[in-house]
Amino acid sequence: MNHPVIIEAVRSPMGRAKPDGALAQVHPVDLLSQVLEQLIQRTGIDPASVDDVICGCVSQSGEQAGTPGRMAWLAAGLPTHVPSTTIDRKCGSSQQAVHFAAQAVLSGMQDVVIACGVESMSRVPMGSSRMGQSITGTRFDERFAPGLVGQGVSADLVAARWGITRDALDAYAARSHQRAHAAQGQGGFAREIVTIRTPGGSVTADETIRASTTPEKLAGLKPVFESEALSTRFPEIRWSTTAGNASQMTDGASAMLIMSERRAQQLGLRPRARFVAFDVVGDDPLMMLTAPIPATQRVLAKAGMRLDQIDHYEINEAFASVPLAWQKELRADGERLNPRGGAIALGHPLGASGVRLMTTMLHALEDSGQRYGLQSMCEAGGMANATIIERL
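Source: prediction; values computed, not measured. (Residues numbered from 1 in each chain as written. Predicted model: local features only at pLDDT ≥ 70, side-chain atom pairs only at ≥ 80, totals over all residues. Heavy atoms only, no water.)

Asks: Even after reading the chapter, I still don't get the overall build of the protein chain, so can you show me in this structure?
Replies: For the protein chain, the count of helices and strands is 13 helices and twelve strands. Taking 21 Å as the expected radius of gyration for a compact globule of 392 residues, we find that the protein chain reaches 20 Å, a close match to that expectation. C-alpha extents for the protein chain along the principal axes are approximately 60 × 50 × 45 Å. Looking at the protein chain residue by residue over its 392 residues, the buried ones come to 58%. Once local pairs closer than 6 in sequence are excluded, the contacts in the protein chain between residues at least 24 apart make up 82%. When the accessible surface of the protein chain is split by element, carbon and sulfur atoms take 50% of a total near 15,300 Å². Between the averaged position of the 37 positive side-chain charges in the protein chain and that of its 39 negative side-chain charges there is a distance of 2 Å. (Helix = DSSP H or I, 4+ residues; strand = E, 2+ residues; numbered from the N terminus. Rg over C-alpha atoms; globule rule 2.2 N^0.38 Å. Buried < 20%, exposed > 50% of the residue type's maximum accessible area, 1.4 Å probe, protein only. Contact = heavy atoms within 4.5 Å. Areas by Shrake-Rupley, 256 points an atom, 1.4 Å probe, with all protein chains shown as cover. Lys, Arg positive; Asp, Glu negative; His and termini not counted. Charge placed at Lys NZ, Arg CZ, Asp CG, Glu CD.)

Asks: Mind showing me how you'd approach the packing of aromatic side chains here?
Replies: Ring pairs (aromatic) are described by centroid distance and by the angle formed between their planes. Per the counting criterion, the structure on display carries three aromatic pairs. Plain terms: the ring middles of Phe140 and Phe144 are 4.8 Å apart, the flat faces sit at 40 degrees to each other, and that makes the pair tilted. Residues Phe275 and Phe278 carry aromatic rings whose centres are separated by 6.1 Å and whose planes lie at 70 degrees to one another, so their mutual orientation is edge-to-face. The buried category is assigned to Phe275, whose relative accessible area is 8%. It is Arg11 that lies over the ring of Phe189; its NZ or CZ is 5.2 Å from the centre. (Phe/Tyr/Trp six-rings, centres within 6.5 Å; stacked < 30°, edge-to-face > 60°. Lys NZ or Arg CZ within 6 Å of the ring centre and 35° of its normal.)

Asks: What is the right way to look at the layout of surface pockets in this model?
Replies: Which parts of space are left empty comes out when a probe the size of a water molecule is rolled across the atoms. A volume near 1,300 Å³ is recorded for the largest pocket. The wall of the largest pocket is formed by 46 residues, among which Met126, Gln151, Gly152, Phe319 and Leu350 lie closest to the centre. Counting only elements with at least two residues in the lining of the largest pocket, the list comes to helix H4 (138-143) and helix H5 (151-161). Residue composition of the lining of the largest pocket, by class: 24 nonpolar, 16 polar and six charged. (1 Å grid on protein atoms, 1.4 Å probe; cavity = no way out; pocket = protein on both sides within 12 Å on 5 of 7 lines; lining within 4 Å. Points joined across faces, edges and corners; volume = space filled by probe spheres on them. Nonpolar A, V, L, I, M, F, W, Y, C, P; charged D, E, K, R; others polar.)

Asks: How should I be thinking about unusual backbone geometry in this particular structure?
Replies: Leaving glycine out, the prevailing phi sign among residues is negative, and the prevailing peptide bond configuration is trans. Residues Ala145 and Pro146 are joined by a peptide bond in cis, for which omega reads 5 degrees. Relative to the helices and strands, Pro146 is located in the loop between H4 and H5. Backbone geometry places Arg331, a non-glycine residue, at a positive phi of 55 degrees. Along the chain, Arg331 turns up in the loop between helix H11 (321-330) and helix H12 (343-346). Although it is not a glycine, Asn338 sits at a positive phi angle of roughly 45 degrees. Take Asn338: it is sitting in the loop between H11 and H12. Residue Asn338 is classed as buried on the basis of its relative accessible area, which comes to 2%.

Asks: Just to check I follow, could you spell out helix H3 (residues 93-107) for this structure?
Replies: Every α-helix carries 3.6 residues per turn, so stepping three or four residues along brings you back to the same face. The end-to-end C-alpha distance of H3 is 21 Å, a good match for the 21 Å that 15 residues give at a rise of 1.5 Å each. Burial analysis of H3 places eleven of its 15 residues in the buried class, the great majority of the element. Burial in H3 covers these residues: Ser93, Ser94, Gln95, Gln96, Ala97, Val98, His99, Ala101, Ala102, Ala104 and Val105. Just downstream of H3, Gly108 is the residue with a positive phi angle, here 85 degrees. (Expected span 1.5 Å × (residues − 1).)

Asks: What is the right way to read the environment of Lys302 from this model?
Replies: Along the chain, the position of Lys302 falls in helix H10 (residues 292-303). When the C-alpha atoms of Lys302 and Phe278 are compared, they prove to be 8.0 Å apart, with 24 residues separating the residues in sequence. Other than its neighbours up to four places away in sequence, Lys302 contacts Ala277, Phe278 and Asp279. Among the polar contacts listed, one links the side chain of Lys302 to the backbone oxygen of Phe278, at a separation of 3.4 Å. (Polar contact = N/O pair within 3.5 Å; in protein donor to acceptor, adjacent residues only side chain to side chain.)

Asks: How should I be thinking about the pairing of strand S1 (residues 4-11) in this particular structure?
Replies: Side-chain direction in a regular strand flips from residue to residue, so the side chains alternate between the two faces of the sheet. In terms of burial, S1 is largely enclosed, as eight of its eight residues are buried. Bridge count between S1 and strand S8 (residues 250-260): seven bridges; the pairing is antiparallel. Within the sheet, the bridge partner assigned to Arg11 lies in S8 and is Ser254. Sheet topology note: the S1/strand S9 (residues 273-282) ladder contains two bridges and is antiparallel. Pairing of Val5 across the sheet is with Arg274, part of S9. (Pairing = 2+ DSSP bridges.)

Asks: Please clarify how empty space enclosed by the protein should be interpreted in this entry.
Replies: What the rule picks out here adds up to one cavity of 30 Å³ or more. If you add up the space inside the largest cavity, you get close to 40 Å³. Forming the boundary of the largest cavity are Val158, Trp162, Leu289, Thr290, Pro292, Ile293, Val322, Ala325 and Trp326. Within the residue set of the lining of the largest cavity, elements represented by two or more residues are H10 and H11.

Function-wise, these values are silent; they only describe arrangement.
So this is what it looks like as structure tokens:
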């Protein structure tokens, strides 16, 4: 059997998705191309040996419409015979790219695959690929009448179901910034971040972390998604989701080199982690954000493991209610949950987030000497990927 292993994992700094954001002046193809270029340089592999480049990207319109992984590979000056494809499993797009890469190696069909992701949310706004059109259709609308809701409303539904208060959401959000700030100050992100060249100079660090964030400051923010109509439909909601306890819209890219253990030995490369198990599952599309719970249960069952055997949990902070509901339902240790902060502090560049989380988790496992990491991400439509890796 061809055991898939992780050889290298890198990411760009995270830039705020604003006109003056650190990466806002960089075309998404140019952003990803720099990450791919430095991934190849770090490993020293012959880029001609890469079998495929699988790229996560959610808003596949405008500057991200042209198979961005392929465009970025060519923009980096890499061999023209290497193909690429684009994956859209919403927020878990590049985590799914990792799964497909590992599965290709496991099957024996490919030996060397890059899983990556990119999203420039300042240049290609979220939802722009819809072009103002319905994405559901008549039959879907009939099945789920009176209709689904936006993810922010789902976040408030999750908080209501698990009895998570506004104070708890804000405390968690502040902790995300505090943990990310501590990790940044201790050099915890230094090895995983590659420098990005922009028209304004080089970017070497995340600009999204707010060290001064406190629960008291966050308590002054107004709920974003409250409306009279929704309050009538969902009287159980106590509107609590704000811009402060939700993930930041961000520009970013990430990439991971995955190959068979046999090929790594042939090339003299040291595998840094192996894949223990992976899974993907759907859940209630109205609640939308709950699928990490069954995804975690399923991937643990596949691995024959208990949650308390996992050293590091990386649960995407799309909204604070998501990891908190996951923690409450599975009785997880909060100290192991997103120990270097998450998307509330670092941002959530949709298609890039799956590999970004795994990159951070891998480096954290290495720095701490821990062994197992579990990652899961909620995805639009009520889905979630889950992955367990073992540091080698």
